[in-house]
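# Observations on the three-dimensional arrangement
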Amino acid sequence: MGASRGILGFMRPKSQLVLKDSAFVKPSLLPEFLVELKKNSCVSGYHYVPAKEPQLVEFPSALDARLKKTLEHRGIPKLYSHQGRAFDLVSEGKNVVIVTPTASGKTLCYNLPVLQRILENPDSRALYLYPTKALTYDQLDDLMHWSDDLADAEAIAVYSYDGDTPQDARSAIRSRGHIVLSNPDMLHKGILPHHTKWARLFENLKFIVVDELHTYRGIFGSHLANLFRRVARICEFYGSKPQFICTSATIANPQELAEKLTGVPFEFIRESGAGEGEKHVFFYNPPVVNRQLGIRRSYVKESEHIAAAFLKRKIPAIVFANSRLITEILVRYLKESLEQGPVAEETVVGYRGGYLPNERRQIERGLREGRIRGVVSTNALELGIDIGSLDVSVLAGYPGTIASTWQRIGRAGRRSGMSVAVLVASSSPLDQFIVNHPEYFLNQPPEMGLINPENIHILINHLQCATFELPFDVNERFGGHDVSEILDFLRDRGFIHRAGNKWHWTNDSYPADSISLRSISSDNFVVVETSEESRIIGEVDYTRAFSTLHEKAIYLHQGQQYYVHQLDIPERRAYVKRVDSDYFTDAITYTKVKILEMMESAAEHNHGEVHVAHQIVGFKKIKFYTMENVGSGDLNLPVQEMHTTSYWITIPRATLESMPYSAIEKLNGLHGLAYALAQLACVYLMCDRRDIGSAVDDGLENPACIDAARDGAGASRHPTIFLYDNFPGGIGLSRPLYEIREQVLQAARQLIRSCACDEGCPSCVGPSAMAKDVALALLEFLIHA
């Protein structure tokens, strides 16, 4: 089938992926290969994105002559249409949010108006916020070139300010910096609590730039909204009112999200004037190797096979994985695959959170300079970091959201005329839904950015910080809300006291230091290698530490295995030694959910507040390549708890007992149904799979629902399936799920019915005996009840 504009095609059968040498010859980026790939039976869908000519406009008449000269010197005789419109709107004093594709020149949308204002008034200041340090340094390099090019004008001082900034440089940055590049974490901990040292910045603050807007969702976005409420208080204190300029590549509700984050109105620019190279997008489903069990060939191995075929022919590629563990496994597989080939294994590296800053900077530099031809990354490289020219993007598993998928696809072809993206589906129901319904993916808009700034846990934390920064007036509102009850609560806890009409901070603690914007705990564990001389090789955040750094775990770093021989929880340190093992470890988690309050109920369906307890109780040893379980061990690590909101389904015990299956088959069916519902809920809520947690209470030990609890101690408990917001306090997902439950139940029935397996498989309800039949029987009851 030939490529055509905007077409979705389905391929005719062929046994397996064939990668012919002749297909990998440049310069036209593999037209023969594309023909071969389109014919492959594993390719369930193909989408062609045609090249697009740029829409150019003349420089704005108000643009400073020095900026015009610099642009022309850089080979930019005109602006893209969205860049020109952004300049005009910002010049009119509007807050602007720009959403255009990857590599469409969004940086110029805020750099031009900011530099223009500084050239007009050298006292003007701007604060740029990026979600990661890597992105900060990438943009700093570009701004430094601007500063050098404008050297004949007034000197424009550009600095980055984060945890790595030397102490002796911080005073100069505070007093002289025209543009300060930082991140929300540093604004939260290092700038706002010390705002008196930053008086010159806040007195003259004209702009706040928020890049990669789509990353500020869930817990992170809810924190940022409260952080900006604190910024607004401090700016008002110093007499400034900065404009906001926000940018993003993919998000469904950018204007709504920007306004909810900042509390101010925005103008929305959505039409891109940038040109785009053509893209070829393939949906690839690994072949079934056991039809009865529904087992497919490993998506990890298939991703490695596809990526290695490109890399062996010196075609640069990026591989995205959905977890740190899979990232490291793929790095190992690719290095071993390439060590006998024409490409040195050193040209392939991993990139993920937990690597030390210097290591990440070296990798980014190697990618830009072309020394590194292949990289395996988590979502850490989804953002707009300049990583040079990569022609191919391989996605090892569906990322969980449409927005994230397009971000990853867009990382290839940033400098070349043509690019290829291959989405390799795992066996999970969500992946199978997407790969078997590519038209759904292609026709749906990207996900909504959902936040809940009124999450009580987050609100209390930021009110503590706000009162530490400036006394709180008794009638003052925070984000437009009356917070007097929370202030009374903080007084009762001894954090603040009232003097006249003001609340003052009185506690000895420094509140921002103990509050993380991205998780429950701000404590990271450092990983210390003890093989030779002790050295720190990485870090792991608190929530992941117990599952990846428990004693006897295999910790993976750049494909190398390290054995964890000690986990020091009080000191937040894990001690490891280098080993050469043929297996990795996977933690086993036990989750228990307890209902606290039922807020809504309709027959078997409920919505309310719950208490969730997670505990790592053991681990499995999984052999590389074959994925065999070659051993296990028990663990007894601390319980992690949270209070959140949930949608839950109560199955009447009499209904379950009446089904003609054994007790273990019924339990398998309950877990299988929960597995399928949790996956499909993400499709209809348009959220990330990690945003939804799931658990099953079989009703044998503890009350599974409030009604059962009211029946008395001797009453029969009802089995329950929980789908809960995977964040303390909730972020507003379980309530919509309760409302659209019928759609999700119908979709689950369709998915399970259409699966070709006999009793259950990873693509529908999981590989458990009779889970498929029991899950379908439960769905029939729930749909027709």
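Our subject in this report is the structure included herewith. No experiment lies behind these values; they were computed from the predicted model shown. (Residues numbered from 1 in each chain as written. Predicted model: local features only at pLDDT ≥ 70, side-chain atom pairs only at ≥ 80, totals over all residues. Heavy atoms only, no water.)

### A look at the pairing of strand S25 (residues 554-557)
- Taking every second residue as pointing to the same face, both faces of S25 are buried, with Ile554 and Leu556 on one and Tyr555 and His557 on the other.
- In this structure, the hairpin formed by S25 and strand S26 (residues 560-568) is closed by a connection of two residues, where Gln558 is found at a positive phi of approximately 55°. (Buried < 20%, exposed > 50% of the residue type's maximum accessible area, 1.4 Å probe, protein only. Helix = DSSP H or I, 4+ residues; strand = E, 2+ residues; numbered from the N terminus. Pairing = 2+ DSSP bridges.)

### Quick notes on the environment of Tyr46
- The topology assignment puts Tyr46 in strand S2 (residues 43-49).
- Relative accessible area serves as the criterion here: at 1%, Tyr46 is assigned to the buried category.
- When the C-alpha positions of Tyr46 and Pro438 are compared, they lie 8.3 Å apart, and in sequence the two are 392 residues distant.
- A polar atom in the side chain of Tyr46 sits 2.8 Å from the side chain of His280. (Polar contact = N/O pair within 3.5 Å; in protein donor to acceptor, adjacent residues only side chain to side chain.)

### Re the sheet that holds S26
- Spatial strand order, S24-S23-S27-S26-S25: five strands in an open sheet with mixed pairing. At either margin of the open sheet sits one strand with a lone partner, and together these are strand S24 (535-541) and S25. Pairwise comparison of adjacent strand axes, ignoring direction, gives a mean angle of 35° for this sheet.
- By the bridge criterion, four bridges tie S25 to S26 in an arrangement that is antiparallel. (Axes fitted to C-alpha atoms, helices over the stretch in contact; angles between N-to-C directions.)

### A look at helix H17 (residues 456-469)
- Between the first and last C-alpha of H17 there are 20 Å, a value that for 14 residues agrees with the 20 Å anticipated at 1.5 Å per step.
- For H17, every residue scored as buried is listed here: Ile458, Leu459, Ile460, His462, Leu463, Gln464, Cys465, Ala466, Thr467 and Glu469.
- The inward-facing, buried residues of H17 contact helix H7 (184-191), helix H9 (218-238), strand S20 (472-473), helix H18 (484-492), strand S21 (496-499) and strand S22 (502-505).
- Two or three places before His457, at the start of H17, stands the capping residue Asn455, its side-chain oxygen 3.0 Å from that residue's backbone nitrogen. (Expected span 1.5 Å × (residues − 1). Contact = heavy atoms within 4.5 Å.)

### Considerations on the packing of aromatic side chains
- Considering all chains together, one arrives at 23 aromatic pairs under this definition.
- With centroids separated by 4.3 Å and ring planes inclined at 15°, the aromatic side chains of Tyr333 and Tyr625 adopt a geometry described as stacked. Taken together, the positions of Tyr333 in helix H12 (residues 324-338) and Tyr625 in the loop between strand S29 (605-623) and strand S30 (629-634) put the pair 292 residues apart, joining distant regions of the chain.
- A relative accessible area of 32% means that Tyr625 is categorised as partly exposed.
- The interplanar angle of 40° and the centroid separation of 6.1 Å between the aromatic rings of Trp648 and Phe722 together place this pair among those described as tilted. Of the two residues, Trp648 sits in strand S31 (residues 640-650) while Phe722 sits in strand S33 (residues 720-725), which places them 74 residues apart along the sequence. Accessibility assignment for this pair places Trp648 and Phe722 in one class, buried.
- For the cation-ring pair, Arg332 lies above Phe624, with the distance from its terminal atom to the ring centre recorded as 4.1 Å. (Phe/Tyr/Trp six-rings, centres within 6.5 Å; stacked < 30°, edge-to-face > 60°. Lys NZ or Arg CZ within 6 Å of the ring centre and 35° of its normal.)

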